[in-house]
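# A look at the structure
So you can see what is in the structure, the chains are spelled out below.
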Amino acid sequence: MHLAQVMRPEMFWSHLDSRTKPEVIRELSMHIAAVENLLDATVISEVLMERERLGSTGIQDGIAIPHGKIIGLDHIVLACGMSPEGIDFDSHDGKPTHLLFVLLAPEFAAGQHLKVLARLSKLLKSESTRNGLMQATSGADMFKLLADEDAKS
């Protein structure tokens, strides 16, 4: 599965203002709900924070992939925000998180959800991809870079 199937340029933000994990989850939830009118920011935030209580989705290399399932959602939602300053996201490597990818899935779409997670993880293993995303000056630039990398393989 290619990310192009679930990515939308309006779901990429190049500058997040939040400084803590709960704040950035709320900020991203509000951004997503503003684009996906049928989703509620509070519900998104609660689902993502509930998942964080099970264990941090902050992985390593400045990346976190908060994710969860939303009742009534009928498609995969992938969003990305960047924090130039970095956020303590309880990452496995103890380093600040700069790139946050939110993945929301329908309640019964486990296979599709896992395929998107796997594809995203594969693309983000590339240091040049991570650096390119960090150097992007707009959400549109972030989207284009990830779409281009996704199309290569």
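Check the entry above for the structure.
Residues numbered from 1 in each chain as written. Predicted model: local features only at pLDDT ≥ 70, side-chain atom pairs only at ≥ 80, totals over all residues. Heavy atoms only, no water.

## Brief notes about the overall build of the chain
From N to C terminus, the chain includes five helices and five strands. Written out in order from the N terminus, the α and β elements of the chain read β-α-α-β-β-β-β-α-α-α. Computed over C-alpha atoms, the radius of gyration of the chain comes to 14 Å, within 12% of the 15 Å expected from 2.2 N^0.38 for 153 residues, which places it in the range of a compact globule. Along the first, second and third principal axes, the C-alpha set of the chain runs to 35 × 30 × 25 Å. (Helix = DSSP H or I, 4+ residues; strand = E, 2+ residues; numbered from the N terminus. Rg over C-alpha atoms; globule rule 2.2 N^0.38 Å.)

## Concerning the side chain of Ser-83
Turning to its location among the elements, Ser-83 is positioned in strand β4 (residues 77–87). Polar side-chain contacts of Ser-83 include one of 3.1 Å to the backbone nitrogen of Gly-86. Apart from the residues lying within four places of it in its own chain, the contact partners of Ser-83 are Leu-16, Ser-18, Thr-97 and His-98. (Polar contact = N/O pair within 3.5 Å; in protein donor to acceptor, adjacent residues only side chain to side chain. Contact = heavy atoms within 4.5 Å.)

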